[in-house]
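Below, each chain spelled out in residue letters.
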Amino acid sequence: MTNESIAICPGSFDPITKGHLDIIQRASKLFDKVIVLVLVNFAKTPSFNTEERIELIKKATQGIQNVEVDFYDGLLAKYAQEKEAKCLVKGLRAVSDFEYEFQQALANKILNPELETLFLNTSSEFMYLSSSVVKQIASLGGDISHFVTKNTLQDIQNRLCKGE
Ligand code: PNS
């Protein structure tokens, strides 16, 4: 049994944005350790493969001491149990996020009654931001430098920009 407080920031991270990073940074101040966990979302077909998403998260979270990055292709509730993580941390952008997130939190609680879900409100500057927005803008040759970190910009652009 660990005495460390461990939280998980779960998601598809396809790719990681400054909005995700904001939540991860804030979670890292609340817990001893934060695991940024790439999972399979059965409703989505990712644009970036698992290795690419992990690499981008590692780059974006460089410098946050208590953050680890991992991938799991099973149930989030089970992973949390194995890692003795007691809390999931998720960002809520708007009311439209709530129903989906609430459903997931309730399902995870049934699967793992020890597990709490903590919602952090997204910082106002990232209210509109999502991985899909980033992908759409980059694919059409637009500037995504406001939305992703400096050290992931080139990699994301190269993968998504038309003709590259
Ligand atoms: O960033 P996303 O796509 O909104 O994240 C959703 C994710 C990946 C956290 C969710 O689909 C998930 O937890 N997948 C793992 C499988 C699982 O445990 N499903 C049950 C949750 S209801």
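Small disclaimer: the values here were computed from a predicted structure and weren't measured.

**Q** I keep staring at the packing of aromatic side chains and nothing clicks. Help me out?
**A** Aromatic ring pairs are described here by two measures, namely the spacing of the ring centres and the angle between the planes. Applying the stated rule across the entire model yields 3 aromatic pairs. On the numbers, 5.0 Å between centres and 20 degrees between planes, the contact of F98 with F102 is stacked. Of this pair, F98 and F102 both sit in helix α4 (residues 95–111), separated by 4 residues, roughly a single helical turn. On the accessibility criterion, F98 (37% relative accessible area) is partly exposed. Measuring from centroid to centroid gives 5.9 Å for Y128 and F147, while their planes differ by 70 degrees, and the two rings are edge-to-face. Highlighted residues: Y128 in the loop between β5 (116–121) and α5 (131–139) and F147 in the loop between α5 and α6 (150–160), separated in sequence by 19 residues. For Y128, a relative accessible area of 43% corresponds to the partly exposed category. The aromatic ring of F48 is capped on one face by R159, whose charged end is 4.8 Å from the ring centroid.

**Q** I tried to follow the site of the ligand on my own but got confused; where do I start?
**A** Around the ligand, a shell composed of 14 residues is seen, among which S12, V40, N41, K44 and L76 lie nearest. Between an oxygen atom of the ligand and a side-chain N or O atom of S12, the distance comes to 2.4 Å. With respect to the ligand, the backbone of V40 contributes an N or O atom lying 3.0 Å from a nitrogen atom. Burial of the ligand by the protein chains amounts to 83% of its free accessible area of 550 Å². Sorting elements by how many residues they give to the shell around the ligand places α4 first, with 4 residues.

**Q** Is there a simple way to think about the pattern of salt bridges in this case?
**A** Pairs can form between side chains of opposite charge whenever their charged atoms are close. Counted by the stated rule, this structure contains 9 salt bridges. Between E68 and K33 there is a salt bridge, with its nearest N and O atoms 3.5 Å apart. Placement of the pair is E68 in strand β3 (residues 67–72) and K33 in strand β2 (residues 33–39), with a sequence separation of 35 residues. Residue classification places E68 among the partly exposed residues on the basis of a relative accessible area of 38%.

**Q** What should I look at first to understand the sheet that holds strand β4 (residues 87–92) in this one?
**A** Strand pairing in a sheet relies on backbone hydrogen bonds. The paired strands run either parallel or antiparallel. Read from one edge to the other, the open sheet built from 5 strands follows the order β3-β2-β1-β4-β5, with strand pairing classed as parallel. Two strands close off the open sheet at either side, each with one partner strand: β3 and β5. Along the sheet, successive strands turn relative to each other by an average axial angle of 30 degrees, direction set aside. Relative to β3, β2 runs parallel, the two sharing 6 bridges. Note on β3: the bridge partner recorded for L39 is Y72. Sheet contacts for helix α1 (residues 18–30): β1 (6–11), β2, β3, β4 and β5; angle to β5, the most-contacted strand, approximately 125 degrees.

**Q** Would you mind showing me how to read unusual backbone geometry here?
**A** The bulk of non-glycine residues show a negative phi, and the bulk of peptide bonds are trans. For the bond running from D14 to P15, omega is 0 degrees, close enough to zero to count as cis. Structurally, P15 is set in the loop between β1 and α1. Positive phi outside glycine occurs at E84, with the angle close to 60 degrees. Its location among the elements puts E84 in the loop between α3 (76–83) and β4. The class of E84 is partly exposed, set by a relative accessible area of 30%.

**Q** Sorry if this is basic, but what is going on with the nonpolar core here?
**A** I24, V89, I144 and I156 are the most contacted members of the largest nonpolar core, which totals 33 residues. Sorting the residues of this core by element identifies β1, α1, β2, α2 (50–60), β3, β4, α5 and α6 as the ones contributing at least two each. Excluding its chain neighbours within four sequence positions, the residues that come into contact with I156 are P15, I16, F48, L56, V134, I144 and V148. Counting residues in hydrophobic clusters, the runner-up holds 12 residues, among them L37, L76, A80 and L88.

Thresholds applied
Residues numbered from 1 in each chain as written. Predicted model: local features only at pLDDT ≥ 70, side-chain atom pairs only at ≥ 80, totals over all residues. Heavy atoms only, no water. Phe/Tyr/Trp six-rings, centres within 6.5 Å; stacked < 30°, edge-to-face > 60°. Helix = DSSP H or I, 4+ residues; strand = E, 2+ residues; numbered from the N terminus. Buried < 20%, exposed > 50% of the residue type's maximum accessible area, 1.4 Å probe, protein only. Lys NZ or Arg CZ within 6 Å of the ring centre and 35° of its normal. Near = heavy atom within 4 Å. Polar contact = N/O pair within 3.5 Å; in protein donor to acceptor, adjacent residues only side chain to side chain. Areas by Shrake-Rupley, 256 points an atom, 1.4 Å probe, with all protein chains shown as cover. Salt bridge = Lys/Arg side-chain N within 4 Å of Asp/Glu carboxyl O. Pairing = 2+ DSSP bridges. Axes fitted to C-alpha atoms, helices over the stretch in contact; angles between N-to-C directions. Contact = heavy atoms within 4.5 Å. Core = buried A, V, L, I, M, F, W, Y, C linked by side-chain atoms within 4.5 Å.

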